[in-house]
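Here is what each chain is made of, one letter per residue.
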Amino acid sequence: MKRIMVTGGAGFIGSAFVRYQLRTYPDVHIVNFDKLTYAGNLNNVKGVDETRHTFVRGDIADAEAVMSAMKDCDAVVNFAAETHVDRSIMAAADFIDTDVRGVHNIVEAAKALGTKRVLLVSTDEVYGSIAKGSFKETDPMGPRNPYSASKAGGELLAMAYFHTHNVPVIITRGSNTYGPYQYPEKVLPLFVTNAIDNQPLPLYGDGKNVRDWLYVDDHCTGIDCALRHGEPGQIYNVAGENERENIVLTRRILELTGRGKELIKPITDRPGHDRRYSIDASKLKALGWRAAMEWDTGIASTVRWYKENEWWWRPIKTGEFLEYYKRQYDNR
Ligand code: NAD
Ligand code: DAU
């Protein structure tokens, strides 16, 4: 694989994947195709080797733009998506445009161009909530919010192109990812940056919902393993095997930022809030993948990164972000 199109490569995980590819594979050239929505940020790829990185500003919902950027690429890895559950609850149309229509454009272009690999980055949320045990790839999907439903729609369409048109689609389903450069609407960077500023941490419901935390570089190696060693037509779970109740995560963030529990502000629950996510990654492990980051090190280094990189997140927590924050959290 010499030329890889990465869509959403200016976002959180996509930019980590771009950096990972460039440092790991000296022959690879990345075409980074990103719309630069509110969540996209060129600071996320600042300093990468520009001789092997071509940035194209474009929308995956624009079929012609996708076709033109994908020409000459051996593979496409699709990170581009609307990704925040709370925003999908407020308004779902953009999620359908990007997470379903955008995926359709990618598989159509792959069919026309004969692209050798199409990796769709998806989420453990497509399974829905599980009280005990962990979902395997063979379990049925049961998405319960507009974001996860749009990701499930994109997956079904992409797999239909594998079965009908032989487009070599591989899907990964990752768990909750954390690390540097995550847009601070997601719980972990939101709580860390609020705690740094001595601001309340708005915890939904009873705080006992469980998420499985996966370090961003481990998510990237999981996707890379599926891309290079996985089989077309297959789905691979990428798990952190590191489940935490939200309240436990919140207390850890307070310890690491040196703040007290009076900052915790319980608020009305998220509608349709999935109680617990848990996935089994045995299938990807059989291809040789392992998560490398220990939770204690990962959370401590991530909190340190936000403390040391205010230049990155302070400009984001202005303007559009503050409007969103008000709509989402006021009077709750
Ligand atoms: P993010 O919100 O940080 O970044 C999304 C990126 O996609 C941004 O750069 C944005 O500009 C770009 N984008 C959005 N719409 C686009 C469009 N129409 N055309 C081109 N670019 C567009 O997202 P993230 O957290 O890095 O997630 C990346 C992928 O991983 C998503 O597909 C998401 O569903 C999946 N995922 C995320 C997590 C997580 O915990 N963050 C876990 C599992 C799976
Ligand atoms: O599981 C993978 C998914 O993880 C990805 O597919 C999504 O793109 C990503 O956003 C994430 O979804 P979640 O809804 O799990 O992430 P979020 O950070 O929004 O919330 C994590 C948990 O924290 C969840 O139980 C809700 C809770 N929460 C979240 C926010 C933003 C709070 O208690 N307060 C908050 O302010």
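Residues numbered from 1 in each chain as written. Chains lettered and ligands numbered in written order. Predicted model: local features only at pLDDT ≥ 70, side-chain atom pairs only at ≥ 80, totals over all residues. Heavy atoms only, no water.

S.K.: What's the story with the site of ligand 1 in this structure? I'm lost.
M.R.: In the region of ligand 1, 29 residues are neighbours, and I13, D34, T83, Y147 and K151 sit closest. Its free accessible area being 830 Å², ligand 1 has 97% of it covered by the protein chains. Looking at the shell around ligand 1, the elements that each hand over two or more residues are α1 (12-24), β5 (117-123), α5 (146-165) and β7 (176-178). Ranked by residues supplied to the shell around ligand 1, first place goes to β5 with three residues. When its residues are assigned to classes, the shell around ligand 1 shows eleven nonpolar, 14 polar and four charged. (Near = heavy atom within 4 Å. Areas by Shrake-Rupley, 256 points an atom, 1.4 Å probe, with all protein chains shown as cover. Helix = DSSP H or I, 4+ residues; strand = E, 2+ residues; numbered from the N terminus. Nonpolar A, V, L, I, M, F, W, Y, C, P; charged D, E, K, R; others polar.)

S.K.: What's the story with the sheet that holds strand β10 (residues 235-238) in this structure? I'm lost.
M.R.: Two modes of strand pairing occur in sheets, parallel and antiparallel, and in both the strands are linked by backbone hydrogen bonds. Taken in spatial order, the seven strands make up an open sheet running β3-β2-β1-β4-β5-β6-β10, and their pairing is parallel. Each having just a single partner strand, β3 (53-57) and β10 make up the two edges of the open sheet. The average undirected angle you get between the axes of adjacent strands in this sheet is 20 degrees. Sitting on the sheet, helix α4 (residues 93-113) is in contact with β1 (3-7), β4 (75-78), β5 and β6 (169-174), with an inclination near 165 degrees to β5. (Pairing = 2+ DSSP bridges. Axes fitted to C-alpha atoms, helices over the stretch in contact; angles between N-to-C directions. Contact = heavy atoms within 4.5 Å.)

S.K.: Sorry, what's going on with the nonpolar core here?
M.R.: Considering soluble globular proteins, one finds that nonpolar side chains tend to be buried as a cluster. If you look at the biggest cluster of nonpolar residues, it comprises 68 residues, and the most contacted ones within it are I4, F17, V77, F79, L119 and L188. In terms of residue count, the dominant contributor to this core is α1 (seven residues). Two domains each provide a minimum of three residues to this core, namely domain 1 (3-177 + 213-238) and domain 2 (182-211 + 245-272 + 296-329). Listed in part, the 25 residues of the second largest apolar core include V103, I106, V118 and M159. (Core = buried A, V, L, I, M, F, W, Y, C linked by side-chain atoms within 4.5 Å. Buried < 20%, exposed > 50% of the residue type's maximum accessible area, 1.4 Å probe, protein only. Domains from an automatic or database assignment.)

S.K.: Please clarify how the site of ligand 2 should be interpreted in this entry.
M.R.: Looking at ligand 2, there are 25 residues lining it, with D124, Y147, N176, R270 and Y329 nearest. Here an oxygen atom of ligand 2 and a backbone polar atom of T83 are 2.9 Å apart. Between E125 and ligand 2, the recorded distance is 2.8 Å, taken from a side-chain N or O atom to an oxygen atom. Burial of ligand 2 by the surrounding chains reaches 94%, relative to a free accessible area of 690 Å². (Polar contact = N/O pair within 3.5 Å; in protein donor to acceptor, adjacent residues only side chain to side chain.)

S.K.: Is there a simple way to think about unusual backbone geometry in this case?
M.R.: Residues apart from glycine generally show negative phi values, whereas peptide bonds are mostly found in trans. With a phi angle near 55 degrees, L36 is a residue other than glycine that sits in the positive phi range. Here L36 lies in the loop between β2 (29-34) and β3. With a phi angle near 65 degrees, N166 is a residue other than glycine that sits in the positive phi range. Mapped onto the elements, N166 comes out in the loop between α5 and β6. Classification of N166 by relative accessible area gives exposed; the value is 62%.

S.K.: Help me understand the domain arrangement of the protein in this model?
M.R.: By a widespread convention, an interface's size corresponds to the accessible area lost as its parts come together. If you check the domain split of the protein, you get domain 1 (3-177 + 213-238) and domain 2 (182-211 + 245-272 + 296-329). Distance between the C-alpha centres of domain 1 and domain 2: 25 Å. Contact between domain 1 and domain 2 buries roughly 1900 Å² in total, counting both sides, with carbon and sulfur atoms accounting for 53%. Our count for the contact surface shared by domain 1 and domain 2 stands at three salt bridges. Counting every contact that joins domain 1 to domain 2 gives ten residue pairs in polar contact (both at pLDDT 80 or more). Those elements giving two or more residues to the side of domain 1 that touches domain 2 turn out to be α3 (85-90), β7 and β9 (210-215). Among the elements that take part in the side of domain 1 that touches domain 2, α3 stands out by supplying five residues, more than any other. Taken together, the residues that form the side of domain 1 that touches domain 2 break down as eight nonpolar, seven polar and four charged. (Buried area = accessible area lost by both parts, 1.4 Å probe. Salt bridge = Lys/Arg side-chain N within 4 Å of Asp/Glu carboxyl O.)

S.K.: I would appreciate a short explanation of the packing of helix α6 (residues 187-196) against helix α10 (residues 295-308) in the present structure.
M.R.: At a minimum axis distance of 10 Å, the contact between α6 and α10 shows a crossing angle of 55 degrees. Here α6 is positioned oblique relative to α10, judged by the angle of their axes. Viewed along their axes, α6 and α10 form a crossing whose handedness is right-handed. Seen from α6, the contacting residues are L188, P189, V192, T193 and I196; seen from α10, they are W295, I299, T302, V303, Y306 and K307. In the contact of α6 with α10, the residues fall into eight nonpolar, two polar and one charged. (Parallel < 35°, antiparallel > 145°, perpendicular 65-115°, else oblique. Left-handed = near helix turned anticlockwise from the far one by under 90°.)

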